[in-house]
Each structure stands twice: as structure tokens, then as C-alpha cells.
Amino acid sequence: MNMNYSAFEKILKSNGYKLTTQRKKVLEVLQEKESQHLTADEIYKHVKKKCPEIGLATVYRTLQLLSDLGITETLNLDDGFVRYEIGELNDKHHHHHLICEKCNTVIGIEDDMLDNIEDRFMNDYGFKVTNHVVKFYGVCSNCQKKTKEEHF
């Protein structure tokens with residue numbers, strides 16, 4: 001996803017906030033590390049390199065604000081940590097995630113493959129799905145290769 005600061009700034013301004021240097025740096029880290037689904041502490045470590053004066057509390061407050069405004073999304077991978085990623089900034093559903101049980105790699109899947117199921121829920125039950133969270137657990141291709149190599 002290309003960073004669109006004007007869209008973020010518009011959302012912030014319409015809610016009475018500014019796109020400060022600290023908020024911009026947090027968004028930059030989320031963009032640069034998009035596939036890593038970082039925790040707040042990990043985000044802090046990366047932001048600190050770009051903005052040495054920033055404090056951990058500022059990163060936490062920024063992530064909470066960005067999450068409240070729908071700019072970022074939180075992700076719970078059942079590992080005891082809340083992880084963050086940049087949101088879609090529209091009405092799209094959250095994307096799905098493939099989670100490797102060996103190395104904890106998380107792969108975001110952008111294609112929403114549940115549209116037919118949601119249509120059926122609407123047609124059969126009059127139930128409109130507004131969102132869903134799908135996590136698939138398994139073994140990534142890298143770990144599968146390592147396992148095969150270990151057996152030879």
C-alpha cells in the first residue's frame with residue numbers, strides 16, 4: 001500500500017487532530033514493515049531510530065488514536081501481543097492471515113474469498129455481515145523446505 005499522507009491527514013483533521021511528526025513516523029514504520037505485523041514495542045524501536053526524542057507512551061497513544069480513527073487495525077494472533085497494520089481507509093473487510101505455527105510468520109491475504117458465504121447469509125438469513133476475521137494456521141513454505149532438508 002502506498003502511503004497517502006493527505007488521506008491520513010484529512011481523517012485526523014476531520015476529528016480535530018494534526019498529522020504530527022511523531023504520528024507520521026509511526027505511519028512510516030507501519031508502511032515500511034507492512035508485512036511484519038509489529039507490536040507497539042517493535043514499532044517504538046523502529047520509530048526511535050528515526051525520531052530519537054519520541055517516548056514509548058507517545059507511540060502507544062498514537063497507535064490508540066490511529067486505531068480509534070480506523071487508520072490502523074489491530075490484530076490478535078493469539079500470542080499474547082496486539083499487533084498493528086495500516087487499515088484500508090474504506091469499507092472493505094479486514095484481510096485474512098496465514099500464520100506459520102513454526103516460525104510465526106504472518107502472511108496477509110488481500111483477496112476476500114468469503115463474499116459468496118456472506119451473500120448466502122444475507123439471502124438465507126437476512127444477516128448482513130459487516131466484517132469478519134479469518135486466521136489460518138499451518139506451516140509456511142520456508143519451514144516446509146527446512147523440514148524436508150532435515151530429513152535428507
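Residue positions are given per chain, counting from 1 as you read along its sequence in written order. Residues qualify for local features only when their pLDDT is at least 70, as the model is predicted, and side-chain atom pairs are given and counted only at 80 or more; totals for whole chains, interfaces and linings, by contrast, use all residues. Neither water nor hydrogens contribute to the side-chain values; these are computed over all heavy atoms in the structure.

Draft legend 1. Representation of the nonpolar core within the structure. Joining through side-chain atoms within 4.5 Å is the link that ties buried Ala, Val, Leu, Ile, Met, Phe, Trp, Tyr and Cys residues into a set, and such a set is a nonpolar core. With a 1.4 Å probe rolled over the protein chains alone, any residue whose accessible area is under 20% of its type maximum counts as buried; one over 50% counts as exposed, and the rest are partly exposed. Counting residues in hydrophobic clusters, the biggest one holds 20 residues, and the most contacted among them are Val26, Leu30, Ile43, Val47 and Leu63. Think of it this way: any DSSP run of H or I at least four residues long counts as a helix, any run of E at least two long counts as a strand, and we number them from the N terminus. Counting only elements with at least two residues in this core, the list comes to α1 (5-14), α2 (21-32), α3 (40-50), α4 (56-68) and β3 (82-86).

Draft legend 2. Structural detail: the sheet that holds strand β5 (residues 106-109). At least two DSSP bridges between two strands are required for those strands to pair. Pairing in this open sheet of 3 strands is mixed, and the strands run β5-β4-β6 from one edge to the other. Each end of this open sheet is capped by a strand with a single partner; those strands are β5 and β6 (135-138). On average, adjacent strands in this sheet sit at an angle of 20° to one another, irrespective of strand direction. In the sheet, strand β4 (residues 96-100) pairs with β6 via 4 bridges, with the strands oriented parallel. Residue pairing in the sheet places Cys100 in a bridge with Gly138 of β6. In this analysis an axis means a line fitted to C-alpha atoms, helices contributing only their contacting stretch, and an angle means the value between N-to-C directions, from 0 to 180 degrees.

Draft legend 3. Seen up close, the sheet that holds β3. Here we have 3 strands laid out as an open sheet, ordered β1-β3-β2, and antiparallel in their pairing. At either margin of the open sheet sits one strand with a lone partner, and together these are β1 (38-39) and β2 (72-76).

Draft legend 4. Up close: the packing of α3 against α4. Axis separation between α3 and α4 bottoms out at 9 Å; the angle between their running directions is 120°. What the angle tells us is that α3 and α4 run oblique. At the point where α3 passes α4, the crossing takes the right-handed sense. Counting all contacts with α3, which are made through Ala40, Asp41, Ile43 and Tyr44, the residues of α4 involved are Leu56, Val59, Tyr60 and Leu63. Three classes are used, and their members are as follows: Ala, Val, Leu, Ile, Met, Phe, Trp, Tyr, Cys and Pro are nonpolar, Asp, Glu, Lys and Arg are charged, and the others, Gly among them, are polar. Taken together, the residues of the contact of α3 with α4 break down into 7 nonpolar, no polar and 1 charged. Angles below 35 degrees are treated as roughly parallel, those above 145 as roughly antiparallel, those between 65 and 115 as roughly perpendicular, and all remaining angles as oblique. If you view the pair so one helix is near and one far, a crossing is left-handed when the near helix is turned anticlockwise from the far one by less than a right angle, and right-handed when it is turned clockwise. Any two residues whose heavy atoms approach within 4.5 Å are treated as being in contact.

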